[in-house]
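Understanding the architecture of this molecule
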Number of protein chains: 2
Amino acid sequence: MTAADLPSQHHEQYQAFKQLGLKLDMSRGKPAPEQLDLSNALMASLDGYQAVDGTDGRNYGGTIGLPEARELFGKLLDVPAAQVVVDSSASLSLMHDVIIYSLLNGTPGHAPWVREPVTFLCPVPGYDRHFAICEARGIKMINIPMTEAGPDMDLVEKLVAEDASIKGMWCVPKYSNPGGVVYSDAVVARLAAMKTAAPDFRLMWDDAYRFHHLGEQKLEVASILDACAQAGNPDRAIVFASSSKVTWAGSGIAALAASPANIAWWTKHAGIRSIGPDKINQLRHVRLLKDVATVEALMEQHRQLLKPKFEAVLAQFEHYLGEVPGVSWTRPQGGYFIDLVTPQGSAKRTVALAKEAGITLTPAGAAFPYGNDPKDSHIRIAPSFPSLEEITKAAQGIALSLRVALGA
Amino acid sequence: MTAADLPSQHHEQYQAFKQLGLKLDMSRGKPAPEQLDLSNALMASLDGYQAVDGTDGRNYGGTIGLPEARELFGKLLDVPAAQVVVDSSASLSLMHDVIIYSLLNGTPGHAPWVREPVTFLCPVPGYDRHFAICEARGIKMINIPMTEAGPDMDLVEKLVAEDASIKGMWCVPKYSNPGGVVYSDAVVARLAAMKTAAPDFRLMWDDAYRFHHLGEQKLEVASILDACAQAGNPDRAIVFASSSKVTWAGSGIAALAASPANIAWWTKHAGIRSIGPDKINQLRHVRLLKDVATVEALMEQHRQLLKPKFEAVLAQFEHYLGEVPGVSWTRPQGGYFIDLVTPQGSAKRTVALAKEAGITLTPAGAAFPYGNDPKDSHIRIAPSFPSLEEITKAAQGIALSLRVALGA
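In this text the structure is predicted, and so the values were computed from the model without any measurement. (Residues numbered from 1 in each chain as written. Chains lettered and ligands numbered in written order. Predicted model: local features only at pLDDT ≥ 70, side-chain atom pairs only at ≥ 80, totals over all residues. Heavy atoms only, no water.)

**Brief notes about the overall build of chain A**
Regarding its fold elements, chain A presents 13 helices and 13 strands. Referenced to the eigenvectors of the C-alpha coordinate spread, the extents of chain A come out at roughly 70 × 55 × 35 Å. Contacts spanning at least 24 positions in sequence make up 76% of the contacts within chain A whose residues lie at least 6 apart. Total accessible area on chain A stands at roughly 14,800 Å², and carbon and sulfur atoms take up 53% of it. (Helix = DSSP H or I, 4+ residues; strand = E, 2+ residues; numbered from the N terminus. Contact = heavy atoms within 4.5 Å. Areas by Shrake-Rupley, 256 points an atom, 1.4 Å probe, with all protein chains shown as cover.)

**A look at the packing of helix H4 (residues 91–104) of chain B against helix H9 (residues 260–273) of chain B**
Residues and elements named next belong to chain B. Two elements in contact, H4 and H9, have axes separated by 11 Å at closest approach and are oriented at 95°. Here H4 is positioned roughly perpendicular relative to H9, judged by the angle of their axes. Mapping the contact onto sequence places Leu94, Asp97, Val98, Tyr101 and Ser102 in H4 and Trp265, Trp266, His269, Ala270 and Arg273 in H9. Taken together, the residues that form the contact of H4 with H9 break down as 6 nonpolar, 2 polar and 2 charged. (Axes fitted to C-alpha atoms, helices over the stretch in contact; angles between N-to-C directions. Parallel < 35°, antiparallel > 145°, perpendicular 65-115°, else oblique. Nonpolar A, V, L, I, M, F, W, Y, C, P; charged D, E, K, R; others polar.)

**Observations regarding the relation of the copies chain B and chain A**
Of the transformation placing chain B onto chain A, the axial shift is 0.0 Å and the rotation is 180°, giving an RMSD of 0.0 Å. The superposition of one copy onto the other is thereby described by a two-fold rotation axis. Taking C-alpha positions as the reference, the residue of chain B nearest the rotation axis is B:Ser45, at 2.3 Å. A shared binding surface is used by both copies, with 100% of the interface residues of chain B retained as interface residues in chain A. (Least-squares fit on C-alpha atoms with pLDDT ≥ 70 in both.)

**Section: the pairing of strand S4 (residues 140–147) of chain B**
All names here are of chain B. When strand S3 (residues 119–124) meets S4, the two strands line up parallel, connected through 6 bridges. Across the sheet, the residue bridging to Leu121 is Ile142, located in S4. Bridging between S4 and strand S5 (residues 150–151) involves 2 bridges; their strand directions are antiparallel. The partner of Thr147 across the bridge, within S5, is Gly150. (Pairing = 2+ DSSP bridges.)

**Comments concerning the nonpolar core**
Of all hydrophobic cores here, the largest spans 204 residues; its most connected members are A:Leu191, A:Phe317, B:Leu191 and B:Phe317. With residues up to four places along the chain from it excluded, the contact list for B:Leu191 reads B:Met153, B:Val156, B:Met169, B:Cys171, B:Tyr183, B:Leu203, B:Trp205 and B:Arg236. Core analysis: the second largest hydrophobic core is formed by 78 residues, A:Leu103, B:Tyr127, B:Ala249 and B:Ala270 among them. (Core = buried A, V, L, I, M, F, W, Y, C linked by side-chain atoms within 4.5 Å. Buried < 20%, exposed > 50% of the residue type's maximum accessible area, 1.4 Å probe, protein only.)

**Some remarks on the interface of chain B and chain A**
Interface extent is often summarised as the accessible area lost during association of the parts. Listed by partner, the interface residues are 56 residues for chain B and 56 residues for chain A. Taking both partners together, chain B and chain A bury about 4,500 Å²; carbon and sulfur atoms supply 53% of that area. When residues of chain B are sorted by the area they lose upon contact with chain A, B:Arg58, B:Tyr60 and B:Arg273 head the list and together hold 18% of the total. Here chain B is connected to chain A by 4 salt bridges. With a shortest N-O distance of 2.6 Å, B:Arg273 and A:Asp97 are connected by a salt bridge. (Buried area = accessible area lost by both parts, 1.4 Å probe. Salt bridge = Lys/Arg side-chain N within 4 Å of Asp/Glu carboxyl O.)

**Regarding the confidence of the model for chain A**
On average, residues of chain A score 95 in pLDDT, and 99% of them are at 70 or above. Scoring the predicted complex yields pTM 0.96 and, for the interface, ipTM 0.96. (pLDDT = per-residue confidence, 0-100.)

**Thoughts on the sheet that holds strand S4 (residues 140–147) of chain A**
All names here are of chain A. Taking strand neighbours across the sheet as the criterion, the 8 strands line up as S2-S9-S8-S7-S6-S3-S4-S5 in an open arrangement whose pairing is mixed. On the outer flanks of this sheet lie strand S2 (84–87) and strand S5 (150–151), each paired with one strand and no other. Each of S2, strand S7 (202–206), strand S8 (237–242) and strand S9 (254–257) touches helix H9 (residues 260–273); the most contacted strand, S2, lies at about 30° to it.

**Thoughts on the domain arrangement of chain A**
All names here are of chain A. Each assigned domain of chain A is listed here: domain 1 (3–30 + 296–406) and domain 2 (42–290). Centre-to-centre, using C-alpha coordinates, domain 1 lies 30 Å away from domain 2. Taken together, the contact between domain 1 and domain 2 spans 28 residues of the former and 30 residues of the latter. Surface buried jointly by domain 1 and domain 2 totals about 2,600 Å² across both partners, of which 60% is contributed by carbon and sulfur atoms. Of all residues in domain 1, Met299, Gln333 and Tyr370 bury the most surface against domain 2, accounting for 24% of the area lost on that side. The interface formed by domain 1 and domain 2 contains 2 salt bridges. One salt bridge in this structure joins Asp128 and Arg28, with 2.8 Å as the shortest N-O distance. Counting the contacts that link domain 1 with domain 2 gives 10 residue pairs in polar contact (both at pLDDT 80 or more). Mapped by element, the contributors of at least two residues to the side of domain 1 that touches domain 2 are helix H11 (292–321), strand S11 (338–341) and strand S13 (378–381). (Domains from an automatic or database assignment. Polar contact = N/O pair within 3.5 Å; in protein donor to acceptor, adjacent residues only side chain to side chain.)

**Quick word on the sheet that holds S11(A)**
All names here are of chain A. The strand order across the open sheet formed by 3 strands is S10-S11-S13, and the pairing between neighbours is antiparallel. Looking at strand neighbours, the two that pair on one side only are strand S10 (328–329) and S13, the edges of this open sheet. As judged from the 4 bridges shared by S11 and S13, these two strands associate in the antiparallel manner. Within S13, the residue paired with Ile338 across the bridge is Ile381. The strands touched by H11 are S10, S11 and S13; relative to S11, the strand with the most contacts, the crossing angle is about 10°.

**A few points about the environment of B:Leu66**
Residue and element names in this part refer to chain B. Note that Leu66 resides in the loop between helix H2 (33–37) and helix H3 (67–77). You can call Leu66 buried: its relative accessible area is 3%. Sequence-wise, Leu66 and Ile142 are 76 residues apart; in three dimensions their C-alpha atoms are separated by 38 Å. Apart from the residues within four sequence positions on either side, Leu66 is in contact with Ala51, Thr55, Lys279, Gln282 and Leu283.

Okay, here's the thing in structure tokens:
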């Protein structure tokens, strides 16, 4: 250990950092303005409002989405367009409503969930908004540890086989939030084929980062819909995706892909809620995004903007935390987050110290059901929104906060 | 009765009409293309994406809506902006979700509705999509007859006082769908002040036609939020409105106005479902609609397009049905519908005959809970979508169908 690495030294550095009076919000995985700029053509005048089937995009109707929008998402998700619904802005809303309709009406051929206790399996760390839906709508959650290849399948298989109250499981199969985990083919196959005590068990397959690569290699995850169909469980998985982190985060379009039975079920229930989604926004998106190649080219532009920010954070962590025992972090190949793993009992303290230094992080524990990280050892880092200069500074501040928390 | 009015004569006219091979869908209250054209500036390039508070409309966030959108709807609804939420496209979705959150979570300070049987009062004839929400989500419905001044308040007061399962009531207070009824001040006052056995009783106040005048006189309905507040029931009413029939029916923005407690409750629950509405569409709308005067001028243009269509239907009805006993129809001062009232037991038959003649009407009974018009005597006429020529022809066909049904 050199003099520069003495605990007192880091305390001084932290104090000096505080004096900078930084004010940075890194609490959410928001795209940066220059990423949103990539899709500013959405703001341009739309050339006509007729869909390919003659639908006037401005008028009522069309719960299932416009044909060209379904076609585009079908190609992007590698699913027949007939098995795709395209809706308004956010995929989170589609997930929420799948759960609402299951609670109040039941899935095809099954009783409403709300009559009995309902439990969901939650791979952790995971996405706080998934867990918030369960908590808000009265669904109990069970933590499932993550491995490098996906959720701990031995535990998952054991639990779903014995407990019929387990009606669903949250999955972010690629570049998971926040751990960056990519589900292996074996995990996908086991999720599709496992025996569940509940006949109406659902995989909530949030394919949020399907096109959101950071590395040179574009990692692929096996098709859960194909795997489920092959395993004789065609209605088990519902796939969600959106253009939120492709075009404009707040004004994108969202898609749901599933078995024909699930699509019919969804369309029936969504048709009660709404006369139809914003089809003009679907037209805008189809005309901008065009096809898979255009989307991939756009995502490459996102990658060029995001990659340096992730590298800057990793470099700062390496510099300040590389030799601190018990500290590690993920080096994601895609997605929007780095998971900083701290020694037990130090995440909350670190987040509080960072806050004092002007850096707002996602609350420690947020990546766990009920906001409770049992080991208090995960901090979600969201490098996307700040500028490269800001994120470099912020990573330094977070690292110093952790060292001060550890007295290391 | 002249020779031209003999039953056989009408039968022949109906047969001749059938030969025209018309194909007209009048099943829904859709704006006509030329009405949608009035807002084609929505398609034009948007000049900037910053909200007045600096929010980047393209990014995540803002469950409650942009300040300028809330301000606009506040002025339009005569409510402080702080008591307004502006959301994505459709007010129907907001109504649906208010019921969902009430079912699963309960209104502020009260238990979830779903634990006990829930009943809604439904003034009839009414809006089929309101009733569909109740039917789909397990809420029992009770018909309430309409008077010329609103629902039969003696019956309403009696039922809500004695039955604690009655948790809500649908109200379209102005130019009601389909009867064109305008609630009187006395009805508004009684709804606000009446004693309800359920402490969490809700008026679902669908102000769908607030600006949608057909007559010279712009009728006003007393403020239900003010009346409820004055009566000591501030949380009783939730007001819904949208730009659907102001700008583009499928791509508008929707608003919910309520007490501060209800706004906080809504925002909390809607924030679980979504990270925020499409704020870019809110910006587009605010820049197009600007203020109350601009909206009123736009609605006057709608009126000029709609009025001749309503007059054409009324003229045809007068000509073909004016002397038929037991047949009457509404002469609405606003809104989107005419209610054709037939002798008992002849509405379904008339709709079927019209269908044979190429005119698709809203199914008879649709304006009643469970699609069941006990007297089978109401046909909802939606003159807005077809051209003036088409609607004139269609009204003739409908009238002939009714005469054939009646053998009159």
